[in-house]
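These are the residues of each chain, in order.
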Amino acid sequence: VSMMTVSYGHGISVNAVQLASAAASVLNGGHLVTPTLIKRDPATPLPNIQVVSPHTSDLMRQLYRIVVTAGTGKSANVPGYVVGGKTGTADKQSGKGYRKDARLSSFLSAFPMHDPKYIVFIMMDEPKGNKESYGFATGGWVAAPTVGRVITQIAPLLGISPVDDNDPSILEKLRLPVAVKGE
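So, here's what we can say about the structure. (Residues numbered from 1 in each chain as written. Predicted model: local features only at pLDDT ≥ 70, side-chain atom pairs only at ≥ 80, totals over all residues. Heavy atoms only, no water.)

### Considering the side chain of S105
If you trace the backbone, S105 turns up in strand β2 (residues 97–111). A relative accessible area of 0% places S105 in the buried class. Of note is the side chain of S105, whose polar atom sits 2.5 Å from the backbone oxygen of A137. Excluding residues that lie within four positions of it along the chain, S105 makes contacts with G88, T89, I122, M123, M124, P127, A137, T138, G139, V142 and A143. (Helix = DSSP H or I, 4+ residues; strand = E, 2+ residues; numbered from the N terminus. Buried < 20%, exposed > 50% of the residue type's maximum accessible area, 1.4 Å probe, protein only. Polar contact = N/O pair within 3.5 Å; in protein donor to acceptor, adjacent residues only side chain to side chain. Contact = heavy atoms within 4.5 Å.)

### A few points about the sheet that holds strand β3 (residues 118–125)
Read from one edge of the open sheet, 3 strands run β1-β2-β3, paired in antiparallel fashion. In this open sheet, the two edge strands, each paired with only one partner strand, are β1 (84–94) and β3. Strand after strand, the sheet turns through a mean of 15 degrees between neighbouring axes, direction not considered. Helix-sheet contacts for helix α2 (residues 16–27) involve β2 and β3, and the interaxial angle to β3 is about 145 degrees. Contacting β1 and β2, helix α3 (residues 54–70) crosses the sheet at an angle of about 80 degrees to β1. (Pairing = 2+ DSSP bridges. Axes fitted to C-alpha atoms, helices over the stretch in contact; angles between N-to-C directions.)

### Things to note about the packing of aromatic side chains
Considering all chains together, one arrives at 3 aromatic pairs under this definition. Relative to W141, the ring of F136 lies with its centre 5.8 Å away and its plane at 20 degrees, an arrangement referred to as stacked. The exposure class assigned to F136 is partly exposed, which follows from its relative accessible area of 44%. Residue W141 is classed as partly exposed on the basis of its relative accessible area, which comes to 36%. Among the aromatic residues, ring-to-ring pairing joins Y134, F136 and W141 into one connected group. (Phe/Tyr/Trp six-rings, centres within 6.5 Å; stacked < 30°, edge-to-face > 60°.)

### Focus on the pattern of salt bridges
Evaluation of the coordinates by the stated rule reveals 6 salt bridges. K92 is the partner of D125 in a salt bridge, and the nearest nitrogen-oxygen pair spans 2.6 Å. With D125 in strand β3 and K92 in strand β1, the pair connects residues that are 33 residues apart, well separated along the chain. What makes D125 exposed here is its relative accessible area of 52%. Three or more residues joined by partner-sharing salt bridges are found here, namely K92, R99, D125 and E126. (Salt bridge = Lys/Arg side-chain N within 4 Å of Asp/Glu carboxyl O.)

### Remarks on the environment of Q62
Inspection of the secondary structure puts Q62 in helix α3. Placed 52 residues apart in sequence, Q62 and H114 show a C-alpha to C-alpha distance of 9.0 Å.

### With respect to unusual backbone geometry
In terms of backbone geometry, most residues other than glycine have negative phi values and most peptide bonds are trans. Here the residue pair F111 and P112 is connected by a cis peptide bond, since its omega of -20 degrees sits within 30 degrees of zero. Here P112 is to be found in the loop between β2 and β3. A positive phi angle, near 45 degrees, is found at V82, a position not held by glycine. Looking at where V82 falls in the secondary structure, it is placed in the loop between α3 and β1.

Below, the structure written as structure tokens:
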């Protein structure tokens, strides 16, 4: 059963640090990121282990960006910060089935997608839908807007200046088509 259900996420379990590390490794050009709470000597070189090809990393950055511009993570978009991300919603198990309206909803985000530097991950345990979310409590409805609010607050504190999301040089870095006025 695990072999059949793993393709859509069932039977996989990771913690938030593992997920953020994996995403950072995939989005940064494909180089392994090994997080630590221990201060590293800046003079000590980090291992340079390629875990995915640069081409695959480029494709993943494109997909993350599309999730925010045209997909389920639209509410995480923060104009000027080129946000990308991935929604996640997992039903909670109960005995031999799943509990009704009991889920983990999340949004994993990176920014700026044309030169990723930061990962933001929000996970909500058993969120409840409300009027604003039309009763839905999935990752795109509850966690993605929270990520957007977090990025709005922290990006200026991190010294990241807003850019024009439709600047051809940024779209070229993401290898996305340049928007034509009027489209």
